[in-house]
Amino acid sequence: GQQVMQIPQYQHVQEGEDFTTYCNSSTTLSNIQWYKQRPGGHPVFLIQLVKSGEVKKQKRLTFQFGEAKKNSSLHITATQTTDVGTYFCAGRQAPYTDKLIFGTGTRLQVFP
Amino acid sequence: DGGITQSPKYLFRKEGQNVTLSCEQNLNHDAMYWYRQDPGQGLRLIYYSQIVNDFQKGDIAEGYSVSREKKESFPLTVTSAQKNPTAFYLCASRRQRQGAAENYGYTFGSGTRLTVV
């Protein structure tokens, strides 16, 4: 079945450093979404990417969808302590299905 | 404000007991989902429903059952057949829209932590 892997599993950074998490699918995706889950909380939707090679930005966050639509990345510039949490990618297999498969997540810890 | 309400927040289950987790949404969303989250394993899909009176199994449906009698409600029953039920259970909903590229992010409830005692 479809698998979505993320690396790294954990990342500890000093405040102000950059952070990147990578998401890789075993199958081609129709679209990919990113979520953030704060410690003890629930996932919160950040963004969706649909087009091959698409890049979207939200303030210090940059999201990219690979040309082959099998991988994606999230880059945070100049991390802040408020960025702490686990970041999940989630993809739908192409052709479109309603099943959203979540990646394994990357836990980000930011030290002040 | 619209949202998803999950209850209870914490639940303790004895061996061999069935328990039901509640999920209610007032967002007028068509689709609803149940996920299970274990430490270090991300979210795994248990069941999902796109319309009332219809639902489909996800990747780990064994030992679980659901119903969708109302658009607003999607309760999950963890049966005694589920051998390792201790986990964090998340309910989510999504506004449905036609077309592969046009869909929306999930709105999650705050979750129920189930522990077997």
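Small disclaimer: the values here were computed from a predicted structure and weren't measured.

Draft legend 1. Expanded view of the overall build of chain B. The helix and strand inventory of chain B stands at zero helices and eleven strands. When the helices and strands of chain B are listed from N to C terminus, the series reads β-β-β-β-β-β-β-β-β-β-β. Scored against the burial criterion, the 117 residues of chain B give a buried share of 48%. For chain B, restricting intrachain contacts to residue pairs at least 6 apart in sequence, the fraction spanning at least 24 positions comes to 54%. Here chain B displays about 5,700 Å² of accessible surface, and carbon together with sulfur accounts for 45% of that area. Computed over 14 positive and 11 negative side-chain charges, the inter-centroid distance for chain B is 4 Å.

Draft legend 2. Seen up close, the sheet that holds strand β7 (residues 64–66) of chain B. Residue and element names in this part refer to chain B. The antiparallel open sheet is built from four strands, whose spatial order is β1-β3-β8-β7. Only two strands of the sheet have a single neighbouring strand rather than two, namely β1 (4–7) and β7. With strand direction ignored, the average angle separating the axes of adjacent strands in the sheet is 20 degrees. Direction of pairing for strand β3 (residues 19–25) relative to strand β8 (residues 76–78): antiparallel, over a ladder of three bridges. Each residue of the ladder has a partner; that of Leu21, found in β8, is Leu76.

Draft legend 3. Fine view of the nonpolar core. Of all hydrophobic cores here, the largest spans 21 residues; its most connected members are Trp34(A) and Phe63(A). Ranked by size, the runner-up nonpolar core spans 20 residues in total, among them Val19(B), Tyr89(B), Cys91(B) and Leu114(B).

Draft legend 4. Structural context of the interface of chain A and chain B. The interface of chain A with chain B comprises 22 residues on the first partner and 24 residues on the second. Across the chain A to chain B interface the summed buried area is about 1,800 Å²; carbon plus sulfur atoms make up 50%. Applying the counting rule to chain A against chain B returns one salt bridge. Residue Lys99(A) pairs with Asp59(B) through a salt bridge whose shortest N-O separation is 3.0 Å. Run the count over chain A and chain B and you get five residue pairs in polar contact (both at pLDDT 80 or more). For the side of chain A that touches chain B, the element with the most residues is strand β4 (residues 29–37) of chain A, which contributes four residues. Residues belonging to the side of chain A that touches chain B are distributed by class as follows: nine nonpolar, ten polar and three charged.

Procedures and definitions
Residues numbered from 1 in each chain as written. Chains lettered and ligands numbered in written order. Predicted model: local features only at pLDDT ≥ 70, side-chain atom pairs only at ≥ 80, totals over all residues. Heavy atoms only, no water. Helix = DSSP H or I, 4+ residues; strand = E, 2+ residues; numbered from the N terminus. Buried < 20%, exposed > 50% of the residue type's maximum accessible area, 1.4 Å probe, protein only. Contact = heavy atoms within 4.5 Å. Areas by Shrake-Rupley, 256 points an atom, 1.4 Å probe, with all protein chains shown as cover. Lys, Arg positive; Asp, Glu negative; His and termini not counted. Charge placed at Lys NZ, Arg CZ, Asp CG, Glu CD. Pairing = 2+ DSSP bridges. Axes fitted to C-alpha atoms, helices over the stretch in contact; angles between N-to-C directions. Core = buried A, V, L, I, M, F, W, Y, C linked by side-chain atoms within 4.5 Å. Buried area = accessible area lost by both parts, 1.4 Å probe. Salt bridge = Lys/Arg side-chain N within 4 Å of Asp/Glu carboxyl O. Polar contact = N/O pair within 3.5 Å; in protein donor to acceptor, adjacent residues only side chain to side chain. Nonpolar A, V, L, I, M, F, W, Y, C, P; charged D, E, K, R; others polar.

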